[in-house]
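What follows is each chain in one-letter form.
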Amino acid sequence: MRVTIDQEKCVASGQCVTSAADVFDQRDEDGVVVLLNEHPPAELAADVRQAAVVCPALAIQIED
Amino acid sequence: MTSTPTGPEPAEIPEYPMTRAAGCPFDPPPDLLAEQRKGPLTKVRLWDGSTPWLVTRYADQRTVLADRRVSSDVERPGYPSPAPIQPGGSKIGFILMDDPEHARLRRMVTAPFAVKRIEAMRSAVQKIVDGLIDDMLAGPKPVDLVESFALPVPSLVICDLLGVPYSDHDFFQDNSKTIIRRTATPEQRMTASKNLTGYLDRLVDEKLDRPAEDLLSGLTERIKAGELTRQDAAQMGVLLLIAGHETTANMIALGTLALLEHPDQLALLRDTDDPKLVASAVEELLRYLHITHNGRRRAVLEDIEVAGQTIRAGEGLIVPNDIGNRDPGAFEEPDQLDIRRDARHHVAFGFGVHQCLGQTLARMELQVVYSTLYRRIPTLKRATDLDQIPFKHDGSVYGVYELPVTW
């Protein structure tokens, strides 16, 4: 699994962090998404997919 | 042979908003659910005779709300306004603006709502909740849960976050109520809005001189840097103050009533110490109750396709997320309240760039409340019949005006 994010699109809802805190974080200054792990391990795959589903800005892309 | 009609006859177009059924206070209006069964895209008639499209299904609702070719700007042609537009008075903060200006302003206030910052507030919120429950238990009963608990919790929290003195709560709660009451006249709404903007403007002025560790003080830095006008700062303050207490307060009171009417669900929540089940209950109650029942409203800027049909630039869209959250295509047995289901993909906070800024705060407050109130008062019950409880049918945010409880 490979994860990419679009910080321009991000609206800082924080839902990716709530879904997968080991993979996503937020910038201190404006809450915009920061990617912690571009290749998350298999055990986090479901959480990462959940993050992509609930992102309101469609700012998370996943390639398998 | 006559030509095929392209849409319903004007007389067949139902009026919007619609009325909930008597005895079903937690369900969307039956006529609205009927529109969803009719098809993905129907038409409704508004107070001004206009006939915007109604986007009835969950998947289409998400697609439309995430589409940059639809606008939240009330002054765009076709925007389905819920009430007459007041010239110059309608753009409260950035919720009725489009990008890039919307994004520029929103990003000025997103930092305090980040997940880690909100988590750091959890123990303070727990103390507030416990203190209010102590007071209720020590006082007379029955008691109005709205006045004694549901409204103070989020009001205290948002005041602290913004830097607004809680001692002014009567003033800002009264004016907020007027702004979100559907039946308020445009003049009443305008006066309430001016009252709040003037109040926030004076607070911003004080914080320009004496900044503290709060959100409004943070905005004064932007004013000093020339990135924000004082008027915009005051309007953002009004928006966050209203959104910060009215919505969560309604979820606390209406959520409690819904749980009291579903004792099996209440028992599950009361008897658990699993934070995951508590979080799941919050998502399910957000989905099931969906308190923002006015429909998200948008104007179409360029021709777009929705559910196989072209919608023209200049047409209006109403996106009733309350029935999106009851769409059987997205949730199994959607009319059942089931706190163990995975409801995290609900659209109670909307979708797209305007999705609720304070959702992480709301979730945390509701998790603390739902995991504490019923555990500490296990015999909590209604002190009046369900049909005696006044529901906010006339509010743009749904809930109960009063909830008399005893134990």
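First, a word on scope: everything that follows refers to the structure included in this document. (Residues numbered from 1 in each chain as written. Chains lettered and ligands numbered in written order. Predicted model: local features only at pLDDT ≥ 70, side-chain atom pairs only at ≥ 80, totals over all residues. Heavy atoms only, no water.)

**Observations concerning the overall build of chain B**
How we decide: Helix and strand assignments come from DSSP, with helices taken as H or I runs of at least 4 residues and strands as E runs of at least 2, each series counted from the N terminus. As defined in this context, the radius of gyration uses C-alpha atoms, and a globule is described by 2.2 Å times the residue total to the power 0.38. In this analysis, two residues are considered to be in contact whenever any of their non-hydrogen atoms come within 4.5 Å of each other. We get accessible surface area from the Shrake-Rupley algorithm with a probe of 1.4 Å; when it comes to residues, only the shown protein chains can shield them. Positive charges come from Lys and Arg alone, negative charges from Asp and Glu alone, with His and the N- and C-terminal ends not counted. Charge coordinates come from a single atom per side chain, which is NZ of Lys, CZ of Arg, CG of Asp or CD of Glu.
Of regular secondary structure, chain B possesses 15 helices and 10 strands. Taking 2.2 N^0.38 as the reference for a compact globule, 407 residues should give roughly 22 Å; the C-alpha atoms of chain B span a radius of gyration of 21 Å, in line with that estimate. Reported as C-alpha extents along the three principal axes, the dimensions of chain B are approximately 75 × 55 × 35 Å. Of all intrachain contacts in chain B linking residues separated by at least 6 positions in sequence, the fraction that spans at least 24 positions is 70%. Total accessible area on chain B is roughly 17,500 Å²; 51% of this is exposed by carbon and sulfur atoms. Computing the positive centroid from 47 side-chain charges and the negative centroid from 58, chain B places the two 2 Å apart.

**Overview of the sheet that holds strand E1 (residues 41-43) of chain B**
All names here are of chain B. Selection criterion: For two strands to be treated as a pair, DSSP must find at least two bridges joining them. Where helices are involved, their axes are fitted lines through C-alpha atoms of the stretch in contact, as for all axes, and angles between N-to-C directions lie from 0 to 180°.
The mixed open sheet is built from 5 strands, whose spatial order is E1-E2-E8-E5-E3. Since the sheet does not close on itself, it has two edges, and those belong to E1 and strand E3 (70-71), each with one partner. Here 2 bridges tie strand E2 (residues 53-55) to strand E8 (residues 316-319), and the two strands are oriented parallel to one another. The residue of E8 that forms the bridge with leucine 54 is isoleucine 318. Along the sheet face, helix H2 (residues 58-65) touches E2, E3, strand E5 (296-300) and E8 and points at about 130° away from the line of E8.

**Digging into unusual backbone geometry**
The criterion, for reference: Think of it in three bands: residues with accessible area under 20% of the maximum for their type are buried, residues over 50% are exposed, and the middle band is partly exposed, with areas taken using a 1.4 Å probe on protein chains only.
Residue Pro17(B) follows Tyr16(B) across a cis peptide bond; omega there is 0°. Here Pro17(B) shows up in the segment before helix H1 (30-38). A cis amide bond links Asp99(B) with the next residue in sequence, Pro100(B), at an omega value of 5°. Inspection of the secondary structure assignment puts Pro100(B) in the loop between E3 and helix H3 (101-106). The phi torsion at Leu58(A) lies on the positive side, around 50°, for a residue other than glycine. Turning to its location among the elements, Leu58(A) is positioned in the loop between helix H2 (45-54) and strand E4 (60-63). Note on Leu58(A): relative accessible area 36%, which makes it partly exposed. Of note in the backbone geometry, Ala307(B) takes a positive phi value of approximately 50° without being a glycine. With respect to the secondary-structure elements, Ala307(B) resides in the loop between strand E6 (304-306) and strand E7 (309-311). What makes Ala307(B) partly exposed here is its relative accessible area of 42%.

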